[in-house]
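Examination of the molecular architecture
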Amino acid sequence: MTRSRRPLIAGNWKMNGLRADALALAKAVADGVKRSSWGDREVLICPPAQLIGLVADAVRGSGVLVGGQDCHPAANGAHTGDISAEMLRDAGAGHVIVGHSERRTDCGETDAIVRAKAEAAWRAGLLPIVCIGETLAEREAGRTLAVLESQLKGSMPVGATAARLVVAYEPVWAIGTGKTPTTSEVAAAHAHIRRVLAGLTPDAGLVRLLYGGSVKGSNAAELLAAGDVDGALVGGASLKADEFLAIAKAAQSG
Ligand code: 13P
């Protein structure tokens, strides 16, 4: 990983957290980051939307960043239960995850919808983290790289640059399963993503590519050291401050 791509360790809390636990977790992460000497990397936490304001207040001054997990393409309107990028920003977020496989599956989000969400993030001044990843069936059919290419091409907004967007590779079969690809498989996927990005952005070599899927303290150093891996998108392990901080620490040697 070159120093021109600043490592990003992002925690996706998913649908977990009530106020008291969230506050304790956010403060523990903030304390750990403050005590560390990690000026060379970014640490981001993405709590459920109702906790963004609370978490943003709790981590203020620590350098820890706060993001949302999804946003609607529109700025406002008759979309019951949804939240806009502008609302996330207003609540204290600076980033937003879009196109997570759980939303692609649970909510039928297509590449075109994901692209519209990334554009909404820009409109609101948020940095989108665009997620792509193959299913087990696609992997077993030998279609991993083709699926990544097609998802990336469909989900990337026109005008993407390294400063405006982050890409996360999350193999669906590795999410929450304890299974991970080998480091050479991760490196091959990321190298392919970067090749595809070269046709979509003027500065593909500078776009940060995160790996996500069963990252924990014990495997983070190895995964983060794989070629073209510039950070991690962490689910389960981001709910434990010690584990999450251990992952952030591992980025140092990556
Ligand atoms: P796990 O780290 O729990 O496998 O989840 C990964 C993920 O989906 C992060 O967005």
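As a reminder, the structure under discussion sits directly above these lines.
A brief look at the structure comes next. Along each chain, the written sequence defines residue order, and numbers are assigned to residues from 1. Restriction of local features to residues with pLDDT of at least 70 applies here, the model being predicted, together with a cutoff of 80 or more for giving and counting side-chain atom pairs; totals for whole chains, interfaces and linings are based on all residues. Heavy atoms from the whole structure form the basis of all side-chain values; hydrogens and water molecules are not counted.

**What about the site of the ligand?**
A cutoff of 4 Å decides nearness: a residue is near a molecule or strand if any of its heavy atoms lies inside that distance of it. Near the ligand you find 13 residues, and of these Lys-14, His-100, Gly-176, Ser-214 and Gly-236 are the closest. In protein, a polar contact requires one atom able to donate a hydrogen and another able to accept it; more generally it is a pair of N or O atoms within 3.5 Å, and residues adjacent in sequence count only if both atoms are side-chain atoms. In this structure, an oxygen atom belonging to the ligand sits 2.8 Å away from a side-chain N or O atom of Lys-14. A distance of 2.9 Å separates an oxygen atom of the ligand from a polar atom in the side chain of Glu-170. The nonpolar class holds Ala, Val, Leu, Ile, Met, Phe, Trp, Tyr, Cys and Pro. Asp, Glu, Lys and Arg form the charged class, and all remaining residues, Gly among them, are polar. When grouped by side-chain class, the residues that make up the shell around the ligand number four nonpolar, seven polar and two charged.

**Side note on the packing of aromatic side chains**
Centre distance within 6.5 Å is the pairing criterion for rings of Phe, Tyr and Trp, where only the six-membered ring of Trp is used; planes under 30 degrees apart are then read as stacked, over 60 as edge-to-face, and the remainder as tilted. Within this structure, the stated rule accounts for one aromatic pair. Judged by centre distance (6.2 Å) and plane angle (65°), the rings of Tyr-169 and Tyr-211 are edge-to-face. Taken as a pair, Tyr-169 in strand E6 (residues 166–169) and Tyr-211 in strand E7 (residues 208–212) lie far apart in primary sequence, 42 residues in all. Pair check on accessibility: Tyr-169 and Tyr-211 agree, each one buried. In this structure, Arg-164 packs its charged tip against the face of Trp-122, placed 3.7 Å from the ring centre. Runs of H or I in DSSP of at least four residues are treated as helices and runs of E of at least two as strands, each being numbered from the N terminus. Burial classes follow relative accessibility: with a 1.4 Å probe on protein chains only, a residue under 20% of its type's maximum area counts as buried, one over 50% as exposed, and anything between as partly exposed. Over a ring means this: the NZ of a Lys or the CZ of an Arg is within 6 Å of the ring centre and within 35 degrees of the ring normal.

**Structural notes on the packing of helix H9 (residues 217–224) against helix H10 (residues 241–250)**
A packed helix pair is summarised by two numbers, namely the angle formed by the two axes and the spacing between the axes. In this analysis an axis means a line fitted to C-alpha atoms, helices contributing only their contacting stretch, and an angle means the value between N-to-C directions, from 0 to 180 degrees. The contact between H9 and H10 brings their axes to 8 Å, and the two run at 25°. Here H10 runs roughly parallel to H9, going by the angle between their axes. The two elements H9 and H10 meet at a crossing, and its hand is right-handed. Taking contact as the criterion, the partners of Gly-217, Ala-220, Ala-221 and Leu-224 in H9 are, on H10, Glu-243, Ala-246, Ile-247 and Ala-250. In what follows, roughly perpendicular refers to angles from 65 to 115 degrees, roughly parallel to angles under 35, roughly antiparallel to angles over 145, and oblique to any angle outside these ranges. In a left-handed crossing the near helix is turned counterclockwise from the far helix by less than a right angle, and in a right-handed crossing that turn is clockwise. By the convention used here, residues are in contact when the closest approach between their heavy atoms is within 4.5 Å.

**A look at the pairing of strand E2 (residues 42–46)**
Taken across its five residues, E2 has five buried, putting it largely inside the fold. Residues Glu-42, Leu-44 and Cys-46 point to one face of E2 and Val-43 and Ile-45 to the other, with burial holding for every one of them. Pairing of strand E1 (residues 8–12) with E2 involves five bridges; the strand directions are parallel. Bridge assignment links Leu-8 to a residue of E2, and that residue is Glu-42. If DSSP finds at least two bridges between two strands, the strands pair. Bridge count between E2 and strand E3 (residues 65–68): two bridges; the pairing is parallel. Its bridge partner being in E3, Leu-44 is matched across the sheet by Leu-65. Crossovers are described as right-handed under a simple rule: with the strands pointing away from the observer, the path leading from the first strand over the helix to the second runs clockwise. A crossover links E2 with its parallel partner E3, the connecting element being helix H2 (residues 52–59), and its sense is right-handed.

**Some remarks on the pattern of salt bridges**
Salt bridges are defined as contacts in which a side-chain nitrogen from Lys or Arg sits within 4 Å of a carboxyl oxygen from Asp or Glu. Counted according to the given criterion, the structure contains 18 salt bridges. Between Arg-139 and Glu-185 there is a salt bridge, and its shortest N-O distance comes to 3.5 Å. Placement of Arg-139 in helix H6 (residues 136–140) and of Glu-185 in helix H8 (residues 183–198) is noted, with a sequence separation of 46 residues between them. Classification of Glu-185 by relative accessible area gives partly exposed; the value is 34%. Among the salt bridges present, the one from Asp-230 reaches Arg-194, with a minimum N-O distance of 2.9 Å. You can see Asp-230 sitting in the loop between H9 and strand E8 (231–234) and its partner Arg-194 sitting in helix H8, a full 36 residues away along the chain. Here Asp-230 and Arg-194 have matching classes, each one buried. One continuous salt-bridge network, built from bridges that share partners, spans Arg-5, Arg-194, Asp-228 and Asp-230.

None of this, on its own, says anything about what the molecule does.
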